[in-house]
Amino acid sequence: MDILRTFIATMPSTLEQGLIYAVMVLGVLITYSILNFPDMTVDGSFPMGGAISTMLILNGWGPVPALLVAALAGALAGLCTGLIHVKLKVRDLFSGIIMMTALYSINLRITGGMSMVSLPRTATTLFRNNAVSDLLPRSVAVIVIALLVVAVLKILLDAFLRTRAGYLLRATGDNEAVVTSLARDKGTVKIVGLMLANALVSLSGGILCQQQRLFEVSMGTGMMVLSLASVIIGINLFRRWDRVRNTTAVIVGSIIYKVCYSFAIACGLRPSDLKLVTALLFLAVLSAGLIKKGGKLHARA
Amino acid sequence: MLALEHVTKTYNPGTIREMCLFDDFSVQFKKGEFVSIVGSNGSGKTSLLNILCGSIGIEDGHVLMDGRDITREKEFARSRHIGRIHQNPAVGTCASMTLLENLSLADNKDKRMGLRRGTDKTRVDTYREMLRPLDMGLENMLETRAGALSGGQRQALAMVMSIMTPVEYLILDEHTAALDPRAADTIMDMTDRIVKDMQLTAIMVTHNLRYAVQHGTRLLMMHQGDIVMDVQGEEKDATKMDDLLKVFNEISIECGN
């Protein structure tokens, strides 16, 4: 019973986290599912967004401009991964690992060497001490704001995937030969996709740090695994419903993932076991036969 | 005009498996020609197409398009002028996208790929009219994903896509080889019509000697990186399948096949 009580008590924060991580999962949907690119940059660009947003707020920036800078920096990280892959012809997985490793040190540079930075209770964040959050009751403020952010980003991404550029992005992941035959450089499309994806990932890290009021340098570890699990859960769950867009599916996937996660924690695992839970949950998702042969999933618009 | 001049192409250079395919190889394809190329496996037919399209590089020599040296031009840049159909019907279309999305993609080839709507709704009827003459029912399947089509349907869609925007050259790489005989005939008829209507310069590699004889204005036979037969005009019209088979067998016997 205790397990259930703890599980239910943590439900609001589970939903909050699920929604905030969903922003990152939308990014990974672009690279993994649409572009078919296993982008490990995520483990570095996620904490980078957190570091940037935290440090900017400490320096008196507003929460939204801080997040915009974080997203921009994420796009830059994606640009680097893309250039390494396309111009230096490094394999996709390795390009991401190189950037992920480099970003660990860069993140520490951003924080001035501190591996942990916290924001004071009085700091203005997306969720606290601002005009919108003050209107809402404290208990639902985070969920409502997170939901709004995710909804707006989802709608924007859906709209983007229906543009000419969005078509090209989807074509690149589906069949590079078609992109070449359209007289377009598939490398450029990949770079743009990686920029977009990592902007979302970094934005997600920034939002999370504003919600937790805490940046921690190792917060990126396992983020790729978490996102992949969410994408796979979401897409497979709605495989039979053609009307549900993949963007919606992966947001639900992200929340389900967090629910499973918090259930595992409620069962009495220690906080230090978290990454183990991340890994095991991913393994469970993969071995449950949810992933199709070859692991290639394609996104619907 | 498309041309190769003094081209040298070596596979696996510097290794024990080094294989020189083309050594000082030259060929010209004039405007408006419809060239069929036949030859045994490894004769260099597909390599020739790959060099023309820029899919593979060369060690020496030049590739010319309308007198312009395009040796260093990337494959995607050459695609502005060259349409290409591959042997595998899956290569020419995006399986996860609908027919309408595939056609829209092709329609946007010459436009800016910005944030405008991917599908121009006012063009849907035009797309239908383009698909109707194929008589494959594709015009009623615009919301179907291309991956659900049969090989013949997919190849037909790929062909419509490749000529959606004006190109001057059409490269056909055994584009009927993976299809059943009926679908293959349909695609060949379609090829003839397109080449004629759009006044394209077409280069078709085929293993089907009947197609090589019946279609096109010029016929090349290749063997071990050389052109061993080159007929056009009346001479081509007079060439029968038997003549072709005879030459084909002669060179094959030389090789010990």
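Structural data are supplied above this passage.
Conventions adopted
Residues numbered from 1 in each chain as written. Chains lettered and ligands numbered in written order. Predicted model: local features only at pLDDT ≥ 70, side-chain atom pairs only at ≥ 80, totals over all residues. Heavy atoms only, no water. Helix = DSSP H or I, 4+ residues; strand = E, 2+ residues; numbered from the N terminus. Rg over C-alpha atoms; globule rule 2.2 N^0.38 Å. Buried < 20%, exposed > 50% of the residue type's maximum accessible area, 1.4 Å probe, protein only. Areas by Shrake-Rupley, 256 points an atom, 1.4 Å probe, with all protein chains shown as cover. Lys, Arg positive; Asp, Glu negative; His and termini not counted. Charge placed at Lys NZ, Arg CZ, Asp CG, Glu CD. Contact = heavy atoms within 4.5 Å. Pairing = 2+ DSSP bridges. Axes fitted to C-alpha atoms, helices over the stretch in contact; angles between N-to-C directions. Patch = residues over 30% accessible without salt bridge, like charges linked within 9 Å, V, L, I, M, F, W, Y side chains within 5 Å. Salt bridge = Lys/Arg side-chain N within 4 Å of Asp/Glu carboxyl O. Core = buried A, V, L, I, M, F, W, Y, C linked by side-chain atoms within 4.5 Å. Buried area = accessible area lost by both parts, 1.4 Å probe. Polar contact = N/O pair within 3.5 Å; in protein donor to acceptor, adjacent residues only side chain to side chain. Nonpolar A, V, L, I, M, F, W, Y, C, P; charged D, E, K, R; others polar.

Colleague: I'd like to hear about the overall build of chain A, residue by residue, with values.
Modeller: The number of helices and strands found in chain A is 13 helices and two strands. The C-alpha atoms of chain A give 19 Å as radius of gyration, which agrees with the globular expectation for 301 residues (19 Å, within 12%). Considering only C-alpha atoms, chain A reaches an extent of 55 × 45 × 35 Å along its principal axes. In chain A, buried positions account for 55% of the 301 residues. For chain A, the accessible surface area stands at approximately 13,000 Å², while carbon and sulfur atoms represent 68% of it. Side-chain charges of chain A comprise 27 positive and 13 negative groups, with the mean position of each set lying 4 Å from the other.

Colleague: Please provide a residue-by-residue account of the overall build of chain B, values included.
Modeller: A tally of helices and strands in chain B yields nine helices and 10 strands. A globule of 257 residues ought to have a C-alpha radius of gyration of about 18 Å, and chain B, at 19 Å, matches this closely. Expressed along its principal axes, the backbone C-alpha trace of chain B runs to roughly 55 × 40 × 35 Å. Classification of the 257 residues of chain B by burial places 52% in the buried group. Considering only contacts within chain B whose residues lie at least 6 apart along the sequence, 68% involve residues at least 24 apart.

Colleague: Please provide a residue-by-residue account of the sheet that holds strand S9 (residues 218-223) of chain B, values included.
Modeller: Residue and element names in this part refer to chain B. Across the sheet, six strands lie side by side as S6-S7-S8-S3-S9-S10; this open sheet has mixed pairing. At either margin of the open sheet sits one strand with a lone partner, and together these are strand S6 (82-85) and strand S10 (226-232). Here the strands of the sheet are splayed against their neighbours by 15° on average, with no regard to which way each runs. Strand direction decides the pairing type here: S9 and S10, joined by six bridges, are antiparallel. When the sheet's bridge partners are listed, His223 is paired in S10 with Asp226. In this fold helix H5 (residues 151-162) packs onto S6 and strand S7 (169-173), with an angle of close to 175° to the strand it touches most, S6.

Colleague: Any chance you could break down a negative patch on the surface for me, citing the residues and the numbers?
Modeller: Residue and element names in this part refer to chain B. On the surface, a cluster of negative charge is made up of Glu18, Asp23, Asp24, Glu59, Asp60 and Asp226. On the secondary structure map, Asp23 appears in strand S2 (residues 19-29). The exposure class of Asp23 is exposed, given its relative accessible area of 57%.

Colleague: Tell me about unusual backbone geometry, and please be specific about residues and values.
Modeller: Among all residues save glycine, negative phi is the norm, and among peptide bonds the norm is trans. All names here are of chain B. Positive phi, close to 60°, is recorded for Asp135, a residue that is not glycine. Among the structural elements, Asp135 can be located in the loop between helix H4 (124-131) and H5. Phi is positive for Gln224, close to 45°, though the residue is something other than glycine. If you trace the backbone, Gln224 turns up in the loop between S9 and S10.

Colleague: Lay out a nonpolar patch on the surface in plain terms, naming residues and giving numbers.
Modeller: Residue and element names in this part refer to chain A. A grouping of Ile3, Leu4, Ile8 and Phe263 is seen on the molecular surface, where their side chains present a nonpolar patch of about 350 Å² in accessible area. When residues of the nonpolar patch are assigned to their parent elements, the largest contribution, three residues, is made by helix H1 (residues 2-9). By the secondary structure assignment, Leu4 is in helix H1.

Colleague: So what's going on with the environment of Met136 of chain B? Which residues, and what values?
Modeller: All names here are of chain B. Locating Met136 in the fold gives a position in the loop between H4 and H5. Sequence separation between Met136 and Ala183 is 47 residues, and the spatial gap between their C-alpha atoms is 9.9 Å. Sequence-distant contacts of Met136, that is, excluding residues within four places in its chain, are made with Gly152, Gln153, Ala156 and Thr186.

Colleague: With reference to specific residues and values, describe the nonpolar core.
Modeller: Residues Met24 of chain A together with Leu103 of chain B are the most contacted members of the largest nonpolar core, which totals 115 residues. The element best represented in this core is helix H2 (residues 11-34) of chain A, accounting for 13 residues. Discounting residues that sit within four places of it in the chain, Leu103 of chain B has contacts with Tyr127, Leu131, Leu142, Leu157, Val160, Met161 and Met164 of chain B. Core analysis: the next-biggest nonpolar cluster, separate from the first, contains 25 residues, Leu4, Phe29, Ile82 and Met222 of chain B among them.

Colleague: Run through the interface of chain B and chain A, naming residues and quoting values.
Modeller: Counting from both sides, the interface comprises 29 residues of chain B and, opposite them, 23 residues of chain A. Summed over both partners, the interface of chain B with chain A buries about 2,300 Å², with 57% contributed by carbon and sulfur atoms. Applying the counting criterion to the chain B and chain A interface returns one salt bridge. Between Arg170 of chain A and Glu101 of chain B there is a salt bridge, with its nearest N and O atoms 3.1 Å apart. Seen at the junction of chain B and chain A, the total is 16 residue pairs in polar contact (both at pLDDT 80 or more). Elements that contribute at least two residues to the side of chain B that touches chain A include exactly helix H2 (75-78) and helix H3 (99-107) of chain B. Sort the elements by how many residues they give to the side of chain B that touches chain A and H3 of chain B lands first, with four residues. Of the residues assigned to the side of chain B that touches chain A, the class counts are 11 nonpolar, nine polar and nine charged.

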